[in-house]
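Per-entry structural report
Next come the chains, spelled out residue by residue.
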Amino acid sequence: CSKKLEEHPHTVFTVAYLQTPEGIQSALYSLYTGLQYQFGPEGAVAIETYGTDEFTMGDQPRIGATDHTLGDYTLDATNGAILTPWNRIYPNINMANGIIEWAPKTGLDQNTVTSIIAQARFLRGLYYLLLVKQFGAVPIDLGSGPFKFNQNPFQGFNRLPQDSVLRADYQGMIDDFTYAAQNLPDQRPAGAFYPDKAAAYTKLAEVYLLRGFNDSLKQPNDFQNAFNAAMTVINNTSRFGTSLLQDYGQVNAPGNDYNPEIIFAAERVPGNYTADNVSNPSGIGGTAGSDACNDFQPDYTSIPCNGITGNGTKLANTRSILYGRPIRRFCPTAWLFNTLFADKVNDSRFDNSFRMMWLATNSSTTSPGTIAGDTAFMLAESMQAFNDSLATGRFIDNHDGSAYTAYNNSVSGKPWTLISPAAFYVIGGTLKYNIYPALKKYDDLNKTNANFPSTRPFPIIKLSETYLLAAEAAYQMGDKNTAANLLNVLRMRAAYRPGLSPAQLSARQAAMMITPAQVNEDFILDERARELCGESKRWSDLARRHDENGVNELLKRIPAFNPDGANIKPYMVLRPIPQSQLDASSAIPKSDISKYQNPGW
Amino acid sequence: NIVVPHATYANVYSSFLYQSRQIHVTGQVTDENGNPLSGVSIRVRGTNTGAITDNNGRFELDAPEGSVLEISFIGYQTQVITLGHENQNLRIQLHAAASQLAQLVVIGYGTQKKADVTGAIATISSDALTVAPAANIQQALQGKAAGLQVETVGTIPGSGAQIRVRGIKSISGSNSPLIVVDGIPYDGNLNDIDINNIASISVLKDASATAIYGSRASNGVILITTMRGKEGPAHVSYDGYYGIGKPEFYYPVFNGQEYAALRNISPWTGGYMPQELQMLAAGKETNWQKLIYQTSHKTNHDLTISGGGNGTSYSYGGGFYNETTLIPGVSYTRYSIRATVDSKIGKRFHVGLSSLNALGLTKGAQFVAGGAMYPILALSPLMPAYDSSGNILREPSGNTIDKDFYYNPLYLKYNQNWVDQQRRLRTFNSLFAQYDFTPWLNYRFNLGLNYDQEEDDQFQGADQLTNPDYFRPGQGNTAYVNNSSEYGYTAENLLNINKTFQKHTFNFTGLYSIQEYHSHNTSVRKDSITSDFVQFYNLNLSNPTPYPVLGGGEVSWALISYMGRLNYSYADKYLLTVTERVDGSSRLAPGHKWHAYTAVGLGWNINSESFLRNARFIDQLKLRATYGQTSNQAINPYQSLGLVSQSGYYNFGPTIVKGYNVVTLPNPNLNWEYTKQLNIGLDYSFLNARINGSLEYYHEHTYNILYAVSLPVTSGVPGSYTTNIGTMQNWGMEWNISTQNIHSPGNGFNWTTDLNLFFNRNKLLSLGSGFTRDIANQLFPGYSMTSIYDYKKVGIWQLDQAKEAAQYGSVPGQIHLADLNHDGIIDPNNDREIIGNEDAKLQGGMTNTFTYKGFDLSFFVYARFGGLLVSQIHQSLADYLVNLDGRRNGIKVDYWTPTNPTNWFPEPTAQWSPVSSAWTTLGYYDATYVKLKSINLGYTFSHTFLSRFNIQSVRLYLTMDNVAILFSPYYKQTGIDPAGTTYGNGGVSNPGNIRTGVGDNSTITINATVPPTRSYLLGLNINF
């Protein structure tokens, strides 16, 4: 009868399964699944986007009880968004540790073993980089030793002393990306995002560069190593199967997700939300869905059209797949609109990054003749453009005396509205209408519902960033010529717009060219903003860099360019360690727990 | 024959005085059925002369002529016989006393006379259970027994309750008692048992009583005995009732004017919808609760036929129960059929069969869970429910943001798009065969067979303009089917020895048993069903993509047990119970599978002592003491093995793959948790049982506690780790008393009261070495398991405190938190403390019953005193009902404004405190309440009237439940019922200090759900 007491489960996998040839592959896939939480969901976008010089809070966070705290620097250690990396990443790191340990013992052939380890190390490096950029020192010993798979119920928190732990973090990332750069394949497949050499070298360049900016950890050759790693990609684009597109507008265009400029991205099973760990696609945040497509959208549905107030005249009242759910989290700063993109003509990147015109999504009963698909309203690119339009005399009325005015479309003869920058949310200094230029890089026409998150691949590494990193490394080594040359590659490309004549194009390219003398750290950061605007990198780009005088870029730029961030304090260049982590570290005496927090929090 | 030998002084004295003649008396005492009663006391009134009957019920004694004999026996009415002048041979038949003393109490693996019991056992009769109609056992048990705590969770039909016997003993293991039905462990849903089938319930509370269930016993045992037939002519019994229900209360929400006032000062910038302005101008408003809530209905019919003859008795019958609630489309229906047969084959062989079968159908549970309550409470009272043509206004949100997400909840009334049903068929059967080798030795074989099949079906139709789907705005359809089956058997071999040698009575029970259990389920979710009418019936009629989502699982376990129990009593005075059980379980790691449990119980019937002979007002006085060990087997199967689970899908372009990672660490040393329990009890009965009851004291020490440690995420394992760690203690006292306050024989006025009061004090003693706290798991050594650890709210910063507030970065109108260490900042590491716990300081129930002629009236009061409750309704980011952001309506609270210096809620501004989690402190309230749960008025028609129609009895009754909340600070302040509605965090954001995710060990919280109904029932009970 005692045999009855033996357990023979049919549906339970144990850790031993992950050490088999099939199991280790499944374990590796779980590392990729983890990317979905870090690239695209609202929390992940929020920690890199709120409180930057590029973006501030839209109207929704401003009335929420806690949503605004990243944007106005009132956050504390219980902030939910910082849990996105903190809570989700360590299981992936632990799994990567296990994969790296077990792969040689599975009996798989050497090439497969190397490939598995290279992928695991690339992803582990990527995960560590996400944590380090936000929190500083993070444990490499999860309870069983440095970079070891942990199977102990460990209730400590190996973060002290912080400087030596951070040193080990950086060295670990450099080792991981170096191994990955040597052992990953040259090229990813054309229609899928596996990490390849270009991805590993670009990340290696970033890690060296960031260590070079850290005065207590930097090594003499960090910028040189960063430059070398980035230039390995730039000099071998055909071998690595990557290249800059001719048209910047095509890089993030819907339907062009697997283009060669995008080196690596987090993928999602198209249109299958449950498979993508999105239990409720109508919800926002908290799951693996890519909310970015909705997060940047202003409230286009509430804009009264034709200057006529009242119900039934809001031509874009119905949410559409293209415009998405106007969740109004991130709104461009006035600095972005007026200064960073002061030139919206020669530089195509503003127009290619932001939506300025909305078409009617429903037919109006009070605006005869206007049907869905007709122009509903447009944002003027500048006061000048707005005033020029008024000067043509085509406007009909200025009903409420505000700066927002309707006028005739001379082509179709149907009325539509032009909105002055003075009426833009934040940018125009007004909070009356929730309208502003909308980042369109994450538009997804394949959504099945306007409110749903996107299932498009979310870019993580682009070749253009490799150029930016190379240029920055060159500049930090004192080589402004090389830096300018590399930046000009991107700037010349940015001049391109389809339909320009060769003469127009070269005129614009000439206008875009910069000289070595113009290059400095702030110019490079501005260029990063123009090239990579809204791509979930900005907060840590600023927080981890300082200018030639040693002034932290975040602390310098936020007070200058983002009035909402006036509360920023010097210690806020690192995020607080989440209180839930400190609460769960029960093995640490209560009297010591404050030492594990970042200073100032 | 036992003759009291010594002639006493009184005897001699009286003989001397009166010289009366001694006569010789012999006799036999039997019970009502003519069976001899041994141990009956015969006493000559006014003397110490007496005798006790032998095994054949015989006695003899000498007594003066004309003297009075008192024949008394525990559990029987005392008889008085006046002697004549001749020697006499008496035949005395004793009748069972009205008191409970003679009651056979159902104990584990048998029955025992109440007088012989040493353990702490509470019994609840079928009458007490059914006095107020209830949907399930849990509801019927609340407040009926001391030490048995029943907390409701949920108000929708068929929702369960949390049952605790003497508090919480486990952190991560189950704290629910073992349920045993007709001797067979019952692992199913308690809703499947029709309470009309129950003859009695015994709650075994202490180790002596429960140790025979060994590894399953530490949370107490509830023994349910179902009705069986009796020999005699066929007897037909019908019980039925029908009733309607109204909301016990309406959630207090801001009315139109109040909402507008809030909105105007709130951070909301979206303004009013045009309809809202019209309504406001016209002074109109919409009461969404009144529009949606409908009258609920409750119906029950139960028919039983029983009888028998020639050694066979039978009973069979069926029941129907149906209940709806205030939200349209939500209902619970149960059909039950049952049968029992008991046969005597020859003189020594008994066999019996019992079969309980129930088909339960739950509909629309997700209508509530899916969020119907939120819009009902949060929709703008200024929006109309209908458009100008009288059609339902599709999107009645008072803001443009919600327009696409919250359709009009009135669509629920005309729901054609959403199917949500659970159908469960359970058949629970037990068979026994008993062979009596001798009158004192028998062997019994019990076999239990249980099978249960459940199908869950859900379908949500596509949202269409002509047929909007309330629950799926803007989305296509989706269907879900889950099929699960459970089956198991229990086989028990029992040997019973029952032997009396003179004053020594032995009762031995030996057991060998095995139980096995299996379950398996398969589920499919599929979107894009070809057409709505297909619903969930054929998921193949759908688009190929998106792919179906599949699920499944399997669980098996086995338990092998050996048990021996010896009950010994000496002269019915001194009682001893010794129990030993050995259990082997499949759930534990190899090498830890077997464990032995021992318990000892002692009892002393003090009233049988000679020094109390003259205290005639005492019927019974018994002191009991028990000590023993039990354990908790509530480790999920396979838990010692560790667990790898899927992390979801990923794709590399068109190639879709699936990842697995580690979610639970293995524990090769996983053991059970053990509880050692001491119980001291006193049973008393006075004045012919007009006052009776018991008093208990207990102390429990639990060690090796099963603890699912949720590790810091930096350990790399996201799931919890189950291990044995720590110790906990519970101690408490229980008192129950039943009194016949006014007792008039016949049809006069009678008043009886049943009262029970009890408390339990829980304390976590340790969590293993070095742990002083575990905030992540809400565990604090030295404090109760239900402790609440948080900032302490002082109030709201007032205008005259502006300067002090500024030191904390606050302004008047914000939440004022206590700076516990007075360092000028509020920080989570120094300013949170244990601000209370959810334990009741004292709780209990009281039933008063009045009878006069044919009338009976009873009312039941339930009360709990002390402790805190967690009202997530008042935690802004949990339920989103007190956000005061002006965007939506919500629960009416008194919020601060410069002219309204309240200390309850802060000013409606974007920031309520610089401490972002300060909102949680708004959710704690005094949990004390006293409720008049039910009133029951009945009339029983007179026998003479009925005999004309061949009817034995007819009772007509009226019942009202949830009558009134007599006292509750929470109710007084908020207008909301103080009973819990769910386990753990039920809201959007988890406040972090609510234990959650550990099943019914999670903190009980109050969330917005369907208000409890106050129902009015009319019932009829007929016996033919």
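If you're wondering where the values come from, they're calculated on a predicted model, not measured in any experiment.

1. A closer look at the overall build of chain A
A count of helical and extended segments in chain A gives 21 helices and 11 strands. Computed over the C-alpha atoms, the radius of gyration of chain A is 25 Å, within 12% of the 25 Å expected from 2.2 N^0.38 for a compact globule of 601 residues. The C-alpha extent of chain A, read off along each of the three principal axes, is 90 × 70 × 50 Å. In chain A, buried positions account for 63% of the 601 residues. A sequence separation of at least 24 residues applies to 72% of the contacts in chain A between residues at least 6 apart. If you sum the accessible surface of chain A, you get close to 19600 Å²; carbon and sulfur atoms cover 53% of it. Chain A carries 51 positive and 57 negative side-chain charges, and their two centres are separated by 1 Å.

2. A closer look at the domain arrangement of chain A
All names here are of chain A. Along its sequence, chain A is organised into domain 1 (20–183 + 551–601), domain 2 (185–268 + 458–495 + 515–536) and domain 3 (294–439). Taking the mean C-alpha position of each, domain 1 and domain 2 sit 22 Å from one another. Contact with domain 1, which involves 32 residues of that partner, is made by 32 residues of domain 2. Overall, the association of domain 1 and domain 2 removes approximately 2900 Å² of surface from exposure, summing both partners, and the carbon and sulfur fraction of that is 67%. Contact with domain 2 buries area across many residues of domain 1, yet Phe-39, Phe-122 and Tyr-170 alone supply 20% of it, more than any other trio. Across the contact surface, domain 1 and domain 2 share 4 salt bridges.

3. Some words on the interface of chain B and chain A
Accessible area lost on assembly of the parts is the figure often given for the size of an interface. The interface is formed by 81 residues belonging to chain B together with 89 residues belonging to chain A. If you look at where chain B meets chain A, you find 2 salt bridges. Where chain B meets chain A, there are 24 residue pairs in polar contact (both at pLDDT 80 or more). Classifying every residue of the side of chain B that touches chain A by side-chain character gives 47 nonpolar, 22 polar and 12 charged.

4. Overview of the sheet that holds strand β45 (residues 868–871) of chain B
All names here are of chain B. Spatially, β46-β45-β50-β49 is the arrangement adopted by the 4 strands of the open sheet, whose pairing is mixed. The open sheet has two edge strands, β46 (924–926) and β49 (982–983), and neither has a second partner. Sheet topology places β45 next to strand β50 (residues 1004–1006); 2 bridges connect them, and they run parallel. Paired with Val-870 across the bridge in β50 is Thr-1005.

5. Remarks on the side chain of Lys-441 of chain A
All names here are of chain A. Position of Lys-441 among the secondary structure elements: in the loop between β10 (438–439) and β11 (458–462). Among the residues examined, Lys-441 registers a relative accessible area of 2% and is labelled buried. Side-chain polar atoms of Lys-441 contact the backbone oxygen of Cys-533, separated by 2.8 Å. With residues near it in sequence (within four places) discarded, Lys-441 still touches Tyr-248, Asn-252, Ser-353, Arg-456, Glu-531, Leu-532, Cys-533 and Glu-535.

6. Description of the pattern of salt bridges
This model, assessed by the stated rule, comprises 63 salt bridges over all chains. Of the charged contacts, one joins Glu-454 of chain B and Arg-424 of chain B as a salt bridge, the two residues approaching to 3.1 Å between their closest N and O atoms. Here Arg-424 of chain B lies in strand β23 (residues 418–438) and Glu-454 of chain B lies in strand β24 (residues 441–460), a separation of 30 residues in the sequence. For Glu-454 of chain B, a relative accessible area of 12% corresponds to the buried category. Overall, Arg-424 of chain B belongs to the buried group, its relative accessible area being 11%. One continuous salt-bridge network, built from bridges that share partners, spans Asp-53, Glu-54, Asp-522, Asp-526, Arg-538, Asp-547, Glu-553, Lys-556 and Arg-557 of chain A.

7. Some thoughts on the nonpolar core
Counting 158 residues, the largest nonpolar core has Leu-35, Phe-122, Phe-264 and Phe-377 of chain A as its most contacted members. Top contributing element to this core by residue count: helix α6 (residues 110–135) of chain A, with 15 residues. Those residues in contact with Phe-122 of chain A that lie beyond four places of it in its chain are Phe-177, Ala-180, Leu-184, Pro-195, Ala-199, Ala-200, Lys-203, Phe-264 and Ile-461 of chain A. Residues Leu-262, Leu-326, Phe-367 and Val-368 of chain B belong to the second largest nonpolar core, which totals 64 residues.

8. A look at a nonpolar patch on the surface
Residues and elements named next belong to chain B. There is a patch of nonpolar side chains on the surface, built from Phe-855, Leu-857, Leu-937, Leu-956, Leu-958 and Leu-1018 and spanning about 510 Å² of accessible area. Elements supplying a minimum of two residues to the nonpolar patch: β44 (855–865) and β48 (953–967). With respect to the helices and strands, Leu-937 occurs in strand β47 (residues 929–940). We classify Leu-937 as partly exposed; its relative accessible area is 38%.

9. With respect to the side chain of Asp-302 of chain B
All names here are of chain B. The topology assignment puts Asp-302 in strand β19 (residues 296–309). At 3.2 Å, the side chain of Asp-302 and the side chain of Arg-338 are in polar contact. The contacts of Asp-302, once residues within four sequence positions are left out, are Asp-194, Asn-196, Asn-197, Ser-237, Tyr-238, Asp-239, Gly-318, Gly-319 and Arg-338.

10. Overview of the packing of helix α8 (residues 197–213) of chain A against helix α9 (residues 222–234) of chain A
Residues and elements named next belong to chain A. Remark: α8 packs on α9, axes separated minimally by 8 Å, with the N-to-C direction vectors making an angle of 160°. As far as their axial angle goes, α9 and α8 are roughly antiparallel. Regarding α8 and α9, the two cross each other, and that crossing is left-handed. Only Asp-222, Phe-223, Asn-225, Ala-226, Ala-229, Ala-230, Thr-232 and Val-233 of α9 make contact with α8, whose side of the interface consists of Ala-198, Tyr-201, Thr-202, Leu-204, Ala-205, Tyr-208, Leu-209, Arg-211, Gly-212 and Phe-213. Partitioning the contact of α8 with α9 into residue classes produces 12 nonpolar, 4 polar and 2 charged.

11. Some points on the confidence of the model for chain B
With 95% of its residues at a pLDDT of at least 70, chain B reaches an overall mean of 87. Within the model, pLDDT remains below 50 along residues 1–19 of chain B, and this stretch shows 15 contacts once partners closer than five positions in the same chain are excluded.

12. Some words on unusual backbone geometry
Residue Pro-161 of chain A is bonded to the preceding Leu-160 of chain A through a cis peptide linkage, with omega at -10°. Structurally, Pro-161 of chain A is set in the loop between α6 and α7 (162–183). Backbone geometry places Ser-528 of chain B, a non-glycine residue, at a positive phi of 55°. With respect to the helices, strands and loops of the structure, Ser-528 of chain B is situated in the loop between β26 (504–527) and β27 (549–570). Taking relative accessible area as the criterion, Ser-528 of chain B reaches 22% and is therefore assigned partly exposed. Here the phi dihedral of Asp-572 of chain B falls at roughly 60°; this positive angle occurs in a residue that is not glycine. Structurally, Asp-572 of chain B is set in the loop between β27 and β28 (574–585).

13. Topic: the packing of α6 of chain A against α8 of chain A
Two packed helices can be described by the angle between their axes and the distance between those axes. Residues and elements named next belong to chain A. Put simply, α6 and α8 touch, their axes get as near as 11 Å, and they point 30° apart. Crossing of α6 over α8 shows left-handed handedness. Residue-level contacts link Phe-122, Leu-126, Leu-129 and Lys-133 of α6 to Ala-199, Ala-200, Lys-203, Glu-206, Val-207 and Leu-210 of α8. Residues belonging to the contact of α6 with α8 are distributed by class as follows: 7 nonpolar, no polar and 3 charged.

14. Considering the sheet that holds strand β11 (residues 121–125) of chain B
Residue and element names in this part refer to chain B. Spatially, the 5 strands line up as an open sheet ordered β11-β16-β17-β14-β15, and their pairing is mixed. Looking along the sheet, the strands with just one partner apiece sit at the ends: β11 and β15 (184–186). Adjacent strand axes in the sheet meet at a mean angle of 25°, parallel and antiparallel pairs treated alike. Direction of pairing for strand β14 (residues 178–181) relative to strand β17 (residues 221–226): parallel, over a ladder of 4 bridges. Bridge pairing in β17 links Val-181 to Ile-224.

15. Overview of α9 of chain A
The terminal C-alpha atoms of α9 of chain A, which comprises 13 residues, lie 18 Å apart, in line with the 18 Å expected from a rise of 1.5 Å per residue. Contact partners of the buried residues in α9 of chain A: α8, α10 (237–240), α15 (463–476) and α16 (480–495) of chain A.

16. Overview of the pairing of strand β6 (residues 68–72) of chain B
All names here are of chain B. Of all 5 residues in β6, 4 are buried, a share of seventy percent or more. With 4 bridges joining them, strand β3 (residues 41–44) and β6 adopt antiparallel strand pairing. Across the sheet, residue Arg-43 finds its bridge partner in β6, namely Glu-70. Relative to strand β7 (residues 79–82), β6 runs antiparallel, the two being bridged by 4 bridges. In the sheet register, Ile-71 faces β7, and the bridge partner there is Gln-79.

Scoring rules and cut-offs
- Residues numbered from 1 in each chain as written.
- Chains lettered and ligands numbered in written order.
- Predicted model: local features only at pLDDT ≥ 70, side-chain atom pairs only at ≥ 80, totals over all residues.
- Heavy atoms only, no water.
- Helix = DSSP H or I, 4+ residues; strand = E, 2+ residues; numbered from the N terminus.
- Rg over C-alpha atoms; globule rule 2.2 N^0.38 Å.
- Buried < 20%, exposed > 50% of the residue type's maximum accessible area, 1.4 Å probe, protein only.
- Contact = heavy atoms within 4.5 Å.
- Areas by Shrake-Rupley, 256 points an atom, 1.4 Å probe, with all protein chains shown as cover.
- Lys, Arg positive; Asp, Glu negative; His and termini not counted.
- Charge placed at Lys NZ, Arg CZ, Asp CG, Glu CD.
- Domains from an automatic or database assignment.
- Buried area = accessible area lost by both parts, 1.4 Å probe.
- Salt bridge = Lys/Arg side-chain N within 4 Å of Asp/Glu carboxyl O.
- Polar contact = N/O pair within 3.5 Å; in protein donor to acceptor, adjacent residues only side chain to side chain.
- Nonpolar A, V, L, I, M, F, W, Y, C, P; charged D, E, K, R; others polar.
- Pairing = 2+ DSSP bridges.
- Core = buried A, V, L, I, M, F, W, Y, C linked by side-chain atoms within 4.5 Å.
- Patch = residues over 30% accessible without salt bridge, like charges linked within 9 Å, V, L, I, M, F, W, Y side chains within 5 Å.
- Axes fitted to C-alpha atoms, helices over the stretch in contact; angles between N-to-C directions.
- Parallel < 35°, antiparallel > 145°, perpendicular 65-115°, else oblique.
- Left-handed = near helix turned anticlockwise from the far one by under 90°.
- pLDDT = per-residue confidence, 0-100.
- Expected span 1.5 Å × (residues − 1).

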